[in-house]
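# Report on the structure
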Amino acid sequence: MTHVHHEAPEQATCSGGAPLSRRAVLGGMAKGTGLLGVGALLGIRGSLHAVGVNGFSEAKPKRGGTLKAGIAGGGASDNLDANNAFTNIDWSRSFNLCNGLIEIAPDFSLQYSLAEEITPNPKATMWTIRLKKGITFHNGKTLTADDVIFTFKRIWNPKSPLEGAGGLSYVDMNALRAVDTYTVEVPMHKPLACLKEVLADTFYLIVPVGFDPKHPVGTGPFMYKSFTPGVESVFTRNQNYWETGLPYLDELDIIDASDPASQVDGVISGAFDCVDQLNASYLSSLRSSSGARVLQAASSEWVPFVMQENLAPFTDNRVRQAMKLIINRREMIDEALDGYGRVGNDFFGLYDPVYDTDIPQRHQDIAQAKSLLKAAGRSDLTITLDTSAVSNGVLQSATVLAQQAKAAGVTVRLNNMSPSSYFGPTYLHRPFSQSYWLGQYYLAQVTQSNLPSSPLNEPHFIDDHYAALFAEANATLNAAKQRDLIHEMMLIDHNDGGYIIWAFNDVFDSYRSYVHGLVPNRAGWSLGGYRFKDVWID
């Protein structure tokens, strides 16, 4: 938290966090620089449980070599567009090709990246972005204000908006202007005190004017060499990278892994140097291997049940509350996540400094659930839950819910969909489903999922008072006032919202013992956010 002089109010960012220098995380939600000290990481809620938390060796990093990363989730639709990444393997490429202006560090603090500073006027109706000088793209072009403006407008393009367009909806694109070579003036249609947190999301990696996704150029630590969708992508060291001394590797080889079993076999045999997105069932095999290590992060990733409030039976809040009370959260974590997770309380933002731990924890209460369902005329409720193995814990928690719901007289029928079609045309149009999100600052997440204008308003949550609180929270730079407003919003999420956030998941990856520089991150990205710039091979 940054404090100003005691005569003035404490300055707030979106939810009380303050930029340090750059978000070393996540390589994009995990994008950053700045490594955490051992003490900071050990202070993360929930232990890291890594078999040797990598990156804390006193050994001096070595230069050279090729890292072979076996990454899950790829296919024929793989792409190299930093502003249009869709899967984890897309992000793993983008985070190494490009940088953001500001990013989220492994400890969930904000850190500047390409930006020197991002500052609001007193009413948060105008923001000024000042870029660091001397940064060049892979083609030798200097990073300037024009590239930031080009990126914003490329994402916002009304004819073909990209996924980050929702977060830029408050920006007056017609008045966006370069004050000088390294300064951008960002006028807002409405106050947006959380712009820094919004821009720390992974959607806003900066690309140069005239960016061509088929021949991508960025400011990142690695440069494009070759790409075969669904198979492999190869990148070489950017010798002119702006972060002094980085990267260590000569080459990065990102290989599409076909399934978790092949990832585990590959990292144990040495075919892969590191692999991502594993579930806990593989831990014993990995930990018994002499050459493989486990990287575990107590993250803020969440895989909620989604109740669409515009569709029966969830138009009635009594039904929504009953479903929240049906769940035994600790039991669900034990059975769906093998015990690796933290209990959720039906609102997000776990590691945001303003996360409200004073809201009473919701526990299973079958008698109260039955009473609410009876009052709503929904005793003996039968409901279909659309589910899919799109992320660890999703399908498993659906199975547990179906069992737990029987005690309240509720029948939950599972519709197990293909992961390839789950986020297709029917996404956002299902009465009862599941989703997954990586951790984000609270107000920034709200812009994506909890407002009528949000592009991914999965529960179709529309609450005028909630929206008014959001507007008021973004119209103040007073941290204490903003915190109180956010706490009121979180209470509405808890009592009335359409998300059942039963847990925050641990995230598991694996790497060979000779690989160094990977650290857990609290947002939930694998392999330290795919921040391969910090990786070195012994």
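Everything below is about the structure shown above.
Residues numbered from 1 in each chain as written. Predicted model: local features only at pLDDT ≥ 70, side-chain atom pairs only at ≥ 80, totals over all residues. Heavy atoms only, no water.

### Details of the nonpolar core
One finds Leu-101, Ile-129, Leu-199 and Phe-532 to be the most contacted residues of the largest nonpolar core, which totals 111 residues. Those residues in contact with Phe-532, other than ones at most four positions away along the chain, are Leu-67, Ala-69, Asn-96, Phe-222, Leu-249, Leu-252, Cys-274, Leu-518 and Leu-527. By size, the runner-up hydrophobic cluster in this structure holds 37 residues, among which are Val-303, Val-412, Tyr-422 and Trp-502. (Core = buried A, V, L, I, M, F, W, Y, C linked by side-chain atoms within 4.5 Å. Buried < 20%, exposed > 50% of the residue type's maximum accessible area, 1.4 Å probe, protein only. Contact = heavy atoms within 4.5 Å.)

### What about the packing of aromatic side chains?
Overall, the coordinates contain 24 aromatic pairs when judged by the stated rule. Plain terms: the ring middles of Phe-95 and Trp-525 are 5.0 Å apart, the flat faces sit at 80° to each other, and that makes the pair edge-to-face. Pair noted here: Phe-95 is in helix α3 (residues 88-97) and Trp-525 is in the loop between β20 (515-516) and α16 (527-530), with a separation of 430 residues, a long-range link. Relative to Tyr-427, the ring of Phe-423 has its centre 5.0 Å away and its plane inclined at 80°; by these criteria the two rings are edge-to-face. Its relative accessible area of 27% is what places Phe-423 among the partly exposed residues. (Phe/Tyr/Trp six-rings, centres within 6.5 Å; stacked < 30°, edge-to-face > 60°. Helix = DSSP H or I, 4+ residues; strand = E, 2+ residues; numbered from the N terminus.)

### Regarding helix α14 (residues 464-473)
Given 3.6 residues per helical turn, the α-helix brings residues three or four places apart onto the same face. For α14, the full list of buried residues reads Tyr-466, Leu-469, Phe-470 and Ala-473. Down the axis of α14, the buried set is contained in an arc of 100°. They therefore lie on one face. The secondary structure elements touched by the buried residues of α14 are α13 (442-449) and α15 (479-496). For α14, the N-terminal capping position is held by Asp-463, with its side-chain oxygen 3.0 Å away from the main-chain nitrogen of His-465. (Arc of directions from axis to C-beta. Polar contact = N/O pair within 3.5 Å; in protein donor to acceptor, adjacent residues only side chain to side chain.)

### Some thoughts on the pattern of salt bridges
This model, assessed by the stated rule, comprises 18 salt bridges. Across the salt bridge formed by Arg-330 and Asp-334, the nearest N and O atoms sit 3.6 Å from each other. On the criterion of helical spacing, the pair formed by Arg-330 and Asp-334 is a turn pair, its members being 4 residues apart in helix α9 (residues 329-336). Residue Asp-534 pairs with Arg-531 through a salt bridge whose shortest N-O separation is 2.6 Å. By relative accessible area, Arg-531 is classed as buried at 5%. Overlapping salt bridges bring together Asp-78, Asp-90 and Arg-93 as one network. (Salt bridge = Lys/Arg side-chain N within 4 Å of Asp/Glu carboxyl O.)

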